[in-house]
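Topology and contacts: notes
Chain by chain, the residues:
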Amino acid sequence: VQLQASGGGLVQAGGSLRLSCSASGRNFNNSIMGWFRQPPGKEREFVAAIDWSVLSTTYADSVQGRFTIFKDNAKNTMYLQMSNLRSEDTAVYYCAGTKAPTRYRTTEGAYDYWGQGTQVTVSS
C-alpha cells in the first residue's frame with residue numbers, strides 16, 4: 001500500500017494550494033483518510049479527515065472554514081484545498097489512511113498507512 005502526497009510549495013499569506021494524496025495497492029472505500037501536519041520544531045498534528053464511504057468530514061479548529069478535504073473515487077485520490085493560508089500553516093503535510101472505520105479519526109495512532117509528506121511554506 002502506498003500513499004503519495006504532492007502539491008506542496010511556497011505561497012504568500014492569503015494564497016491557496018491544493019494537496020493531493022494518491023492511493024495505490026488498496027481500496028480505501030471503507031476507511032478514514034486524513035491529513036496531518038508537522039510545523040517546524042513541533043509535533044505532528046491533525047488537520048482534516050474524511051470518511052471515504054459516507055463523506056463525513058472533520059477539521060481541526062485552526063483550519064475550519066479555510067481548508068476543504070474531498071476525494072475522487074475514480075482516481076482513488078484525496079485532496080486538501082487550502083485557502084487563505086497563514087504563516088502558521090507552514091509545515092510538512094502528511095496524508096494517512098486507516099484499515100477500517102474508526103471514531104478516532106483525529107488521532108495519529110488510528111492510522112495504518114502514511115505518505116511521505118509534502119512541504120508547505122507560507123511567507124508573510
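Notes on the structure follow.

Here is what the cut-offs are and how they apply
Residues numbered from 1 in each chain as written. Predicted model: local features only at pLDDT ≥ 70, side-chain atom pairs only at ≥ 80, totals over all residues. Heavy atoms only, no water. Core = buried A, V, L, I, M, F, W, Y, C linked by side-chain atoms within 4.5 Å. Buried < 20%, exposed > 50% of the residue type's maximum accessible area, 1.4 Å probe, protein only. Helix = DSSP H or I, 4+ residues; strand = E, 2+ residues; numbered from the N terminus. Contact = heavy atoms within 4.5 Å. Salt bridge = Lys/Arg side-chain N within 4 Å of Asp/Glu carboxyl O. Disulfide = S-S within 2.5 Å. Pairing = 2+ DSSP bridges. Axes fitted to C-alpha atoms, helices over the stretch in contact; angles between N-to-C directions.

The subject of this paragraph is the nonpolar core. Ranked by internal contacts, the top residues of the largest apolar core, which has 36 residues, are Trp35, Met78, Leu80, Met82 and Tyr93. Those elements that place two or more of their residues in this core are β1 (2-6), β3 (17-24), β4 (32-38), β5 (45-51), β7 (67-72), β8 (77-82), β9 (91-97) and β11 (118-123). Here the element with the most residues in this core is β5; it accounts for 5 residues. Discounting chain neighbours no more than four positions away, the residues touching methionine 82 are Gly15, Ser16, Leu17, Leu19, Arg66, Phe67, Tyr93 and Val120.

Enumeration over the complete set of coordinates arrives at 5 salt bridges. For the salt bridge of arginine 37 with glutamate 45, the shortest nitrogen-to-oxygen distance reads 2.7 Å. By relative accessible area, which is 4% here, arginine 37 ends up buried. Given the relative accessible area of 30%, glutamate 45 is considered partly exposed. Between arginine 66 and aspartate 89 there is a salt bridge, with its nearest N and O atoms 2.7 Å apart. Residue arginine 66 is found in the loop between β6 (57-59) and β7, and its partner aspartate 89 is found in the loop between β8 and β9; the two are separated by 23 residues along the sequence. A single burial state applies to arginine 66 and to aspartate 89, both of which are buried.

Looking now at the state of the cysteines. A full pass over the atoms with the stated rule returns 1 disulfide. The disulfide partner of cysteine 21 is cysteine 95, and the S-S distance across this bridge is 2.2 Å. Here cysteine 21 and cysteine 95 share a disulfide; its torsion about the S-S bond, 65°, makes the bridge right-handed. Note that cysteine 21 is positioned in strand β3 and cysteine 95 in strand β9, a separation of 74 residues in sequence. Just as cysteine 21 is buried, cysteine 95 falls in that class too.

Spatially, the 4 strands line up as an open sheet ordered β1-β3-β8-β7, and their pairing is antiparallel. Two strands bound the open sheet, and with one partner strand each, they are β1 and β7. Mean inter-strand twist for the sheet, computed between neighbouring axes without regard to direction, equals 15°. Across 5 bridges, the pairing between β1 and β3 is antiparallel. Within β3, the residue paired with leucine 3 across the bridge is alanine 23.

Let us look at the environment of alanine 96. Mapped onto the secondary structure, alanine 96 falls in strand β9. Owing to a relative accessible area of 0%, alanine 96 belongs among the buried residues under this scheme. With 93 residues separating them in the primary sequence, alanine 96 and leucine 3 have C-alpha atoms 7.3 Å apart. Setting aside residues up to four positions removed in sequence, alanine 96 forms contacts with Leu3, Ile32, Met33, Gly34, Tyr111, Tyr113 and Trp114.

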